[in-house]
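# Observations on the three-dimensional arrangement
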Amino acid sequence: MIEILIKKATGGLDGIVNDLVKSAKGKVKEKISEAFALSKLEHFKNNVSRVGQVKTILNPDSIVNLDDIFFDEAVLFNGEKIESFSQFGAKQVLIEGGPGQGKSLCLRKLCVKEGAGSSFIPIFIEFRNLKYKKKFKDELMDAIEDLGVELDNALFDFLANSNRIVLFLDGFDEVPNSERSKVARELEVIVRTYPDLRIVVSSRPDSGMGSSFYFSKRKISPMLLNVQEKFVTHLYRDDKQSESINNILSNSYFISEVTTTPLLLTLFAITYNARQFKPDSLSEFYSLIFPTMLYRHDRMKIGFERERKASLTDYQMQRLFDSLSFLSLNDNNTRFPTYWFQKYLENAAKLERLPENIEDLLIDDITSITALIVRDGFNEFSFTHKSIQEYFASAFISRLSEDRKIGFYNLVINNFDEFRKWQNTLSFLETIDERNYTKYFLIPYKKNALCLDDNSNININYSSLMNLIGSDSKVRVDETGEVKEFYWGDTFSSVLYVQYSEFAKKSINNYLNNKKLMIAEFLSYCDESDYAEFQDLDGDFVIVIDKFFKENRVQKEVSKYLSGEFEMSLFKDEVLKMESELCTSDKVTDAILPF
């Protein structure tokens, strides 16, 4: 089926291009004829067809058709199956999903499907492949040129306004942390400039797009048990294999609660078939991946053990992979060229005190044996999935000295960009480095968020308030000042400790609902340019909350209000109790141990 769709998608492009040429005038007509000349169009068609060709962790040695492995029911939006762009009911859409929920494959499937109707030119671009050295619009034009179509500003404007283009932009969370806010703003500028340009962006939650009211947000639902069982049956044609795994899922509440994404369920199927072992925690689950993949291919062939060119033991290989994962994630790279791969391995070998000059041998061992890093195009490599890189980076951090762990946790607490980079790694550290995570990260974070003073009173300052609700958060209001809707920004708290964030947002909601007159006067007396900027297409107004507080000089008032709300909650007692229990535990340890 996917091949038929690809043929329709690529074949239909000719008719769309002809329509575009006919509708263009003057120099734009010449430019579009040149941009989509026959040889260039063929190159573009080939790139469209490649969108439907993927590698998977289940079959890492081969490229497979997307239709052969994609299971529609695994990617549902509030229980709804989305099979075409029009089902979203909006022209600009943000697809949010956690690690391994199938965001990328969903976008690829939609891209191929949209081309099949001969109505749109589908363009699939991965954020991780952009260079971020120019304005985002120019980066997009460069990426489209790489697909075979060279654009200038006039031609981009024509195509963006043509109602014939759909941009599928995959992996906003892989935009470098330092560039994310800038890219989000420039994406909004593109939407305002070209309101008819269809755009689908995929991202992990709380990655920097949350406060945008230009994009209609759609969240991928976790897979329920009945869907998990169907997915396993879809994975394996062997009824006995799927039956044994489904029996485990139906009889183990913990396993079925963990395997709610296609990635985790596939990894569980692989590890269970290889080891017949049921993990008791998510971290234990991930810890089985490397040793399983190290021997998975060999166990398929009785009496065969694949030769390792670098001659490292299992223990050495896993520690090296931990270090490699940390070093590459620290650079925010899940995909890298051969030269960087060699450099990461060289430094990882030094960290693990392994022999020198074995980088090329290690590349062969890691890619051909474990398949946790695979070749990804010419001279490029990538982790099979980012969450694998994040787990093994956490394993590396967990075995650092206490002083270095303190340094790491302080870095993440004090730098939001660093937190974004390591946020999923932290979720693993919560389990595999529980004491240090609690002592040096969680308790300091919570005390900082509440601004506890020496007497354990809550005195939230304005900066901390913004950290709790998001400095880019917005509120939709009407002319009378009535609050209609909130667009909350992405923050530390919204990822790490949702209760703090939700409580703060609820309190600010109540505060603003009691400031109806102030909001109405703010709209009445603001500058004409601000009034135009605030005004929404539906006649309401969208105000940046931070701007409203500052221009009305209520920063101290609202901070005091929020401090009072938190003081009446149980959050302070909780963190003080946590700190006390940890102190008691340390004293017991000191009393028992003879050193």
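Residues numbered from 1 in each chain as written. Predicted model: local features only at pLDDT ≥ 70, side-chain atom pairs only at ≥ 80, totals over all residues. Heavy atoms only, no water.

What follows deals with the pattern of salt bridges. Should their charged atoms come close, side chains of opposite charge can pair. Inspection of every chain in the model, using the stated rule, returns 36 salt bridges. Between R476 and E485 there is a salt bridge, and its shortest N-O distance comes to 4.0 Å. With relative accessibility at 10%, the residue R476 sits in the buried group. (Salt bridge = Lys/Arg side-chain N within 4 Å of Asp/Glu carboxyl O. Buried < 20%, exposed > 50% of the residue type's maximum accessible area, 1.4 Å probe, protein only.)

Pairing is parallel in the open sheet, where five strands are placed in the order β6-β7-β8-β5-β9. Whereas interior strands pair on both sides, the edge strands pair on one side only; in this sheet they are β6 (121-126) and β9 (216-219). For this sheet, the mean inter-axis angle between neighbouring strands, taken without regard to orientation, is 20°. Against the sheet, helix α6 (residues 136-146) engages β6 and β7 (165-170), with an angle of about 110° to β6. (Pairing = 2+ DSSP bridges. Helix = DSSP H or I, 4+ residues; strand = E, 2+ residues; numbered from the N terminus. Axes fitted to C-alpha atoms, helices over the stretch in contact; angles between N-to-C directions. Contact = heavy atoms within 4.5 Å.)

Now for helix α24 (residues 498-513). Counted at 1.5 Å a residue, the expected span for α24 with its 16 residues is 22 Å, and the 22 Å between its end C-alpha atoms agrees. If you check which residues of α24 are buried, you get Y500, S501, A504, K505, S507, I508, Y511 and L512. End-on, the buried residues of α24 take up no more than an arc of 165°, which puts them together on one face. (Expected span 1.5 Å × (residues − 1). Arc of directions from axis to C-beta.)

Let us now look at the packing of helix α15 (residues 314-330) against helix α16 (residues 338-351). Here α15 crosses α16 at 125°, and the two axes come no closer than 9 Å. Overall, the two elements α15 and α16 adopt an arrangement that is oblique. Relative to α16, α15 is oriented so that their crossing is right-handed. Residues L320, S323, L324, L327 and S328 of α15 pack against F341, Y344, L345, N347, A348, A349 and L351 of α16. Looking at the contact of α15 with α16 residue by residue, the classes come out as nine nonpolar, three polar and no charged. (Parallel < 35°, antiparallel > 145°, perpendicular 65-115°, else oblique. Left-handed = near helix turned anticlockwise from the far one by under 90°. Nonpolar A, V, L, I, M, F, W, Y, C, P; charged D, E, K, R; others polar.)

Right, let's talk about the nonpolar core for a bit. Grouped together as the largest cluster of nonpolar side chains are 140 residues, with contacts concentrated most on F321, F441, L465 and F549. Setting aside anything within four residues of it in sequence, one finds L465 in contact with I460, I508, F549, V558, S559 and L562. By size, the runner-up hydrophobic cluster in this structure holds 49 residues, among which are I16, L20, L147 and L151. (Core = buried A, V, L, I, M, F, W, Y, C linked by side-chain atoms within 4.5 Å.)

So, about the packing of helix α2 (residues 26-35) against helix α7 (residues 153-160). As a packed pair, α2 and α7 sit with axes 10 Å apart at the nearest point and diverge in direction by 90°. Taken together, the axis directions place α2 and α7 in an arrangement best described as roughly perpendicular. Contact with α2, carried on its side by V28, K31, I32 and A35, involves A154, L155, F158 and L159 of α7 and no other residues of that element. The residue inventory of the contact of α2 with α7, partitioned by class, reads seven nonpolar, no polar and one charged.

Positive phi, normally seen in glycine, also occurs at N332, with a value near 65°. Among the secondary structure elements, N332 is positioned in the loop between α15 and β10 (335-337). Residues other than glycine seldom take positive phi values, yet C451 does so here, at roughly 55°. Assignment of secondary structure puts C451 in the loop between α21 (434-450) and α22 (462-469). The class of C451 is buried, set by a relative accessible area of 15%.

In the structure shown here, the tally under the stated rule is 42 aromatic pairs. With a centroid separation of 5.4 Å and an interplanar angle of 45°, the aromatic rings of F213 and Y487 are classed as tilted. Taken together, the residues F213 in the loop between β8 (198-203) and β9 and Y487 in strand β14 (residues 483-487) connect sequence positions 274 residues apart. Under the relative-accessibility criterion, Y487 is labelled buried at 10%. Pairing Y511 with Y561 gives two aromatic rings, centres 5.4 Å apart and planes at 50°, and the pair type is tilted. In this pair, Y511 sits in helix α24 while Y561 sits in helix α28 (residues 555-567), placing the two residues 50 residues apart along the sequence. (Phe/Tyr/Trp six-rings, centres within 6.5 Å; stacked < 30°, edge-to-face > 60°.)

The strands that make up a sheet pair up through hydrogen bonds in the backbone, lying either parallel or antiparallel. Overall, antiparallel pairing links the three strands, which are arranged β10-β12-β11 in an open sheet. A strand with exactly one partner marks an edge of an open sheet, and here the two such strands are β10 and β11 (373-375). Strand-to-strand twist across the sheet, computed as the mean angle between neighbouring axes with direction ignored, equals 25°. Strands β10, β11 and β12 (380-383) of the sheet are contacted by α15, whose axis makes an angle of about 105° with β12.

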